[in-house]
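A structural walkthrough
What follows is the residue order along each chain.
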Amino acid sequence: MIDSRLHAHVPAITTQLSRVILGKADVMDHLAVALLSGSHVLMEDVPGVGKTTLAKALAKLFAGDFKRVQFTPDLLPTDILGSSIYNPRDGTFTFKQGPIFTNILLADEINRASPRTQSALLEAMSERQVSIEGRTFPLPPPFLVIATQNPIEFHGTYPLPEAQLDRFGMKINLGYPDLENEIDVLYSQFHHHPLEDLTPILDAATVLELRTAVRSVKMDRKLGRYLVELARATRAHPSLKMGCSPRGTLLLFRIVQARAFLAGRDFAIPEDVKACAVPALAHRLALDTKAKYSGTQKEDVVREILEQVSVGLEAGV
């Protein structure tokens, strides 16, 4: 049985986020799933659709520490991780923590920084720790990276390396609002921004409790087999030169559990997998040259695989 006290926080998250970004209920669900599962989020879209606003909205619902780093071409790894400061009075060095020592880190326009700076996040995102000058520092739990980026075709961007993309649990695209919702946006900010009305509804302890509850969601072994078969299908697809890694499968497993918890169930079903597969898998794939220049989209490849790989009636719980 789902803990009703804990689960009561979940609809409040999506409701509050939907007050800031209008008409994107599926995106709000994905962001809530990422928070519940502890999955880092990459949001890619054209400028001005609300990527940074949505990330700030999630941070405002959380009573823990929040830091924002604007990634630029001249940003250095030490600007994120921190560095040792020399004290001339006693000849000692004191480590000054960088903005990565926080609960929620907003890496804004991450692909405007150099690959060297982007790679500074690898250890933190994977192991929730930072190694600097021969010492290892744990990051405060919970730790979540929300990164935004502009499409790589835009001027002044550096594509994220595959190793870093693989550490993001989900990649979310906001897209333009429809006509009525875009009109509503104009009037929702008539006097002030809805972001100003948000107040914290979660603290660090509650988030950790929610994540523990998510890990208790039952996953039938045959459903786990379905996840692995999806991953293996990406590795054998003729349009892909790189498929989903075992790390990606493990992250998808946790995301599916969180999706079931979001729906108020203590067990996962195949529909949870299908709802999360595209945002959880597509960014991990690499198209071969022919597919890339023929206009094939990685999201379409995942949808094709979902149609091809059989769930099996016995895979339900």
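Located above this text is the structure these notes cover.
Residues numbered from 1 in each chain as written. Predicted model: local features only at pLDDT ≥ 70, side-chain atom pairs only at ≥ 80, totals over all residues. Heavy atoms only, no water.

What to know about the packing of aromatic side chains
Cut-off, in case you're wondering: Whether two aromatic rings pair depends on their centres lying within 6.5 Å, for rings of Phe, Tyr and Trp, where Trp uses its six-membered ring; planes under 30 degrees apart make the pair stacked, over 60 edge-to-face, and the rest tilted. Burial classes follow relative accessibility: with a 1.4 Å probe on protein chains only, a residue under 20% of its type's maximum area counts as buried, one over 50% as exposed, and anything between as partly exposed.
Tallied over the full model, the rule gives five aromatic pairs. Look at Phe95 and Phe101: their rings are 6.1 Å apart centre to centre, the planes differ by 70 degrees, and that puts the pair in the edge-to-face class. With relative accessibility at 15%, the residue Phe95 sits in the buried group.

Digging into the nonpolar core
Note the following rule: In this description, a nonpolar core means a group of buried Ala, Val, Leu, Ile, Met, Phe, Trp, Tyr and Cys residues linked to one another through side-chain atoms lying within 4.5 Å. Only runs of H or I of at least four residues qualify as helices and only runs of E of at least two qualify as strands under DSSP, and these elements are numbered from the N terminus.
Counting 72 residues, the largest nonpolar core has Leu17, Leu54, Phe261 and Val302 as its most contacted members. Sorting elements by how many residues they give to this core places helix α3 (residues 25–37) first, with eight residues. Grouped together as the second largest cluster of nonpolar side chains are 27 residues, Ala113, Met125, Phe143 and Leu160 included.

Here we look at the pairing of strand β6 (residues 129–132)
So the rule is basically this: When DSSP finds two or more bridges between a pair of strands, those strands are recorded as paired.
What you see with β6 is a clean split: Val130 and Ile132 sit on the buried side and Gln129 and Ser131 on the side with no burial. Two strands pair when backbone bridges link them, and β6 and strand β7 (residues 135–138) are joined in this way by four bridges, in the antiparallel orientation. Bridge pairing links Gln129 to Pro138 in β7. Linking two consecutive strands that pair antiparallel, namely β6 and β7, is a turn of two residues; a positive phi of about 50 degrees is found at Glu133 within it.

As for the sheet that holds strand β9 (residues 170–172)
Put simply, the rule reads: Axis definition: a line fit to C-alpha positions, over the contact stretch in the case of helices; interaxial angles, taken between N-to-C directions, run 0 to 180 degrees.
One open sheet accounts for five strands, arranged β2-β5-β8-β1-β9; its pairing is parallel. The outermost strands of the open sheet, each flanked by one partner alone, are β2 (66–70) and β9. Pairs of neighbouring strands in the sheet enclose a mean axial angle of 15 degrees, with direction left out of account. As judged from the five bridges shared by β2 and strand β5 (residues 104–108), these two strands associate in the parallel manner. Paired with Lys67 across the bridge in β5 is Leu105.

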